[in-house]
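So you can see what is in the structure, the chains are spelled out below.
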Amino acid sequence: MNNIDEYRSLMSQPQNVVITTHQVPDADALGSSLALSRYLSKLGHQVKVITPTEYPSFLDWLPQKNEVIIFSEQNKNICEEQFNKADVIFCLDFSSYHRLQGIENYVKSSSAKIVLIDHHLHPNVIADFEVWQPEAAATAELVYQFIEKMGDKSLIDVKIAEGIYAGLVTDTLCFKLSTTTSTAHKIAAHLLELGLNSSKIHTFIYDNNKVAKIKFLGYVLQNKLVHLPAFRTAYFIITAEEFKKFGIGLGDTEGIVNYALSIENIVLAAIIIERTEYTKLSLRSVGDFPANEVAEKHFQGGGHRNAAGANCPQNSENLEKYFLEVLKIYQNQLLAM
Ligand code: 5GP
Ligand code: MN
């Protein structure tokens, strides 16, 4: 943030703050939002966290998650009121307005000051204050550094630490992605010194699966893998009926794409999941292959070099056909990796 004095002056008096993040918030989105919320509340601000949709149930353990307002048609008025009275809106972990879905216009048309804290490429969010670092491992890393920069490191307690750690551990895939620097480890070390129980959090996040999810995973691995060695690509494709049949929920498909990526010699992995309103495409890549470029150029999506996605209007069958056409464009690049 280069206009930090202006930010300090704005926040020197108690403000009405709304923190918002992307649809189907993941652990980085929700963990960062709740950590920031607790920090700003400690400074005397009135803070609300508003998400565009529900978050996956594996995040139910996050401290203060009961305070999250989930936007829906039923509570539209409550959300609108909060956005109308906001002096400051923090936009966390997204760079593209459309990921706000139903609350997009509240943010766009607001006269509040906008603070962006994010690590995605090519943000189109217009902000008065920006903490934007595409090389950061997680938005949670940026939230931690922001608190530190404001001279408030001593305000980080175990609850704030838990939100930050959740984002850090999931966005780095347990500290294994190439985005994991010594910074991420140093932050984690400090959070542990504060008394954070990391093993408890790993259990909440990774060993907390519903039986239906595990059965669904087994079904998908056994029946739905498409392996294309000629493109160094592997993907899964799931129809809306399959999704419904297994009685799984939002977020229960998270991580499945990594099984395709773990196959030897694979450079690009994908999962296509048909939902009622749209079909979700998730892309993962290794090394320098730009999954974000594929998502942006061909599917109106976006993301990071090694993890990107898009919500597509086609059904799963048509999206698969189109995806196979797109692969041809990248075949040489995929084989050269
Ligand atoms: P996932 O596949 O886990 O849903 O998303 C991986 C990454 O891709 C996210 O961190 C986000 O950066 C990006 N992403 C996913 N869906 C979309 C989308 O619809 N639009 C944009 N711009 N980015 C997305
Ligand atoms: Mn993130």
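Residues numbered from 1 in each chain as written. Chains lettered and ligands numbered in written order. Predicted model: local features only at pLDDT ≥ 70, side-chain atom pairs only at ≥ 80, totals over all residues. Heavy atoms only, no water.

Novice: Teacher, can you tell me more about the coordination of the manganese ion (ligand 2) here?
Specialist: Any two of four tetrahedral donors ideally make an angle of 109.5 degrees at the metal, while pairs among six octahedral donors ideally make 90 or 180 degrees. For the manganese ion (ligand 2), the full set of protein donor atoms is D28 (OD), D93 (OD), H119 (NE2) and D171 (OD), and the range of their distances to it is 2.1 to 2.4 Å. Mapping the donors of the manganese ion (ligand 2) onto the primary sequence yields the spacing D-x64-D-x25-H-x51-D. With D28 in helix α2 (residues 27–42) and D93 in the loop between β4 (88–92) and α4 (104–108), the pair connects residues that are 65 residues apart, well separated along the chain. Both residues of the pair, D28 and D93, belong to the buried class. (Donors = N, O, S within 2.8 Å, 3.2 Å for Na, K, Ca; no water. Helix = DSSP H or I, 4+ residues; strand = E, 2+ residues; numbered from the N terminus. Buried < 20%, exposed > 50% of the residue type's maximum accessible area, 1.4 Å probe, protein only.)

Novice: Explain the environment of E130 to me, please; I cannot follow it from the model alone.
Specialist: Inspection of the secondary structure assignment puts E130 in strand β6 (residues 129–132). Placed 146 residues apart in sequence, E130 and T276 show a C-alpha to C-alpha distance of 35 Å. Sequence-distant contacts of E130, that is, excluding residues within four places in its chain, are made with M1, L116 and V125. (Contact = heavy atoms within 4.5 Å.)

Novice: How do you make sense of helix α8 (residues 198–206) when you look at a structure like this?
Specialist: A turn of α-helix holds 3.6 residues, and therefore any two residues three or four places apart point the same way. For α8, every residue scored as buried is listed here: S198, I201 and I205. Buried residues along α8 cover an arc of 60 degrees about the axis, so they all sit on one side. Summarising the contacts, the buried residues of α8 are in contact with α6 (158–171) and α7 (182–193). (Arc of directions from axis to C-beta.)

Novice: Would you mind showing me how to read the site of ligand 1 here?
Specialist: Lining the immediate surroundings of ligand 1 are 15 residues, of which H120, K280, S282, R284 and A308 lie closest. Within the side chain of K280, an N or O atom sits 3.0 Å from a nitrogen atom of ligand 1. Relative to its free-state accessible area of 500 Å², ligand 1 is covered by the protein chains to the extent of 85%. Among the secondary structure elements, those contributing two or more residues to the shell around ligand 1 are β10 (279–285), β11 (302–303) and β12 (307–312). Taken together, the residues of the shell around ligand 1 break down into three nonpolar, nine polar and three charged. Both domains that furnish three or more residues to the shell around ligand 1 are identified here as domain 1 (4–206) and domain 2 (211–336). (Near = heavy atom within 4 Å. Polar contact = N/O pair within 3.5 Å; in protein donor to acceptor, adjacent residues only side chain to side chain. Areas by Shrake-Rupley, 256 points an atom, 1.4 Å probe, with all protein chains shown as cover. Nonpolar A, V, L, I, M, F, W, Y, C, P; charged D, E, K, R; others polar. Domains from an automatic or database assignment.)

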